[in-house]
Amino acid sequence: MSALFAMDGYGPYVWTCYAVFVLMLLWDLAMPWLRKRHVLADIRSRVRRDAAKKQTRNQSVDP
């Protein structure tokens with residue numbers, strides 16, 4: 001088992017490459033999900049802001 005991790009002296013390099021690869025895959029999976037959450041939150045706030053503007057505009061027009 002230790003030979004698997006040592007890999008004739010190249011073990012630290014190989015396992016570090018594998019770790020970086022897995023981290024990048026996780027990053028690549030997480031970023032669209034996080035971006036979607038941010039965009040949806042932005043859309044919700046814009047809808048609320050537009051509704052509030054429309055409501056204040058209607059209140060100022062109605063006597």
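Rules behind the numbers
- Residues numbered from 1 in each chain as written.
- Predicted model: local features only at pLDDT ≥ 70, side-chain atom pairs only at ≥ 80, totals over all residues.
- Heavy atoms only, no water.
- UniProt positions renumbered as here; feature names shortened; annotations may be inferred.
- Salt bridge = Lys/Arg side-chain N within 4 Å of Asp/Glu carboxyl O.
- Helix = DSSP H or I, 4+ residues; strand = E, 2+ residues; numbered from the N terminus.
- Buried < 20%, exposed > 50% of the residue type's maximum accessible area, 1.4 Å probe, protein only.
- Patch = residues over 30% accessible without salt bridge, like charges linked within 9 Å, V, L, I, M, F, W, Y side chains within 5 Å.
- Areas by Shrake-Rupley, 256 points an atom, 1.4 Å probe, with all protein chains shown as cover.
- Lys, Arg positive; Asp, Glu negative; His and termini not counted.
- Charge placed at Lys NZ, Arg CZ, Asp CG, Glu CD.

Looking at an unreviewed UniProt entry, one finds the chain named Heme exporter protein D, with Chiayiivirga flava as its source organism. As its UniProt record puts it under Function (unreviewed entry), the chain is described as follows: "Required for the export of heme to the periplasm for the biogenesis of c-type cytochromes." According to the UniProt record, the Sequence similarities (unreviewed entry) comment for the chain reads "Belongs to the CcmD/CycX/HelD family."

1. A few points about the pattern of salt bridges
Side-chain pairs of opposite charge can arise whenever the charged atoms involved come near each other. Overall, the coordinates contain 1 salt bridge when judged by the stated rule. Among the ionic pairs, arginine 46 bridges to aspartate 42, the shortest N-O distance being 3.4 Å. You can see arginine 46 and its partner aspartate 42 sitting in helix α2 (residues 11-61), 4 residues apart, about one turn around the helix.

2. Looking at the UniProt feature "transmembrane region" (unreviewed entry) in the chain
Using the residue numbers shown here, the UniProt feature "transmembrane region" (unreviewed entry) corresponds to residues 12-34. In residues 12-34, the share of helix is 100% and the share of strand is 0%. The end C-alpha atoms are 32 Å apart.

3. Some thoughts on the environment of lysine 53
Positionally, lysine 53 belongs in helix α2. Residue lysine 53 is classed as partly exposed on the basis of its relative accessible area of 44%. A C-alpha to C-alpha distance of 35 Å links lysine 53 and alanine 30, two positions 23 residues apart in sequence.

4. Overview of a positive patch on the surface
Where like charges cluster on the molecular surface, the positive patch consists of Arg49, Lys53, Lys54 and Arg57. Within the element layout of this structure, lysine 54 appears in helix α2. With a relative accessible area of 53%, lysine 54 lands in the exposed category.

5. A closer look at a nonpolar patch on the surface
A cluster of nonpolar side chains, contributed by Phe21, Val22, Leu23, Leu25, Leu26 and Leu29, occupies part of the molecular surface with about 610 Å² of accessible area. Among the structural elements, leucine 25 can be located in helix α2. The exposure class of leucine 25 is partly exposed, given its relative accessible area of 41%.

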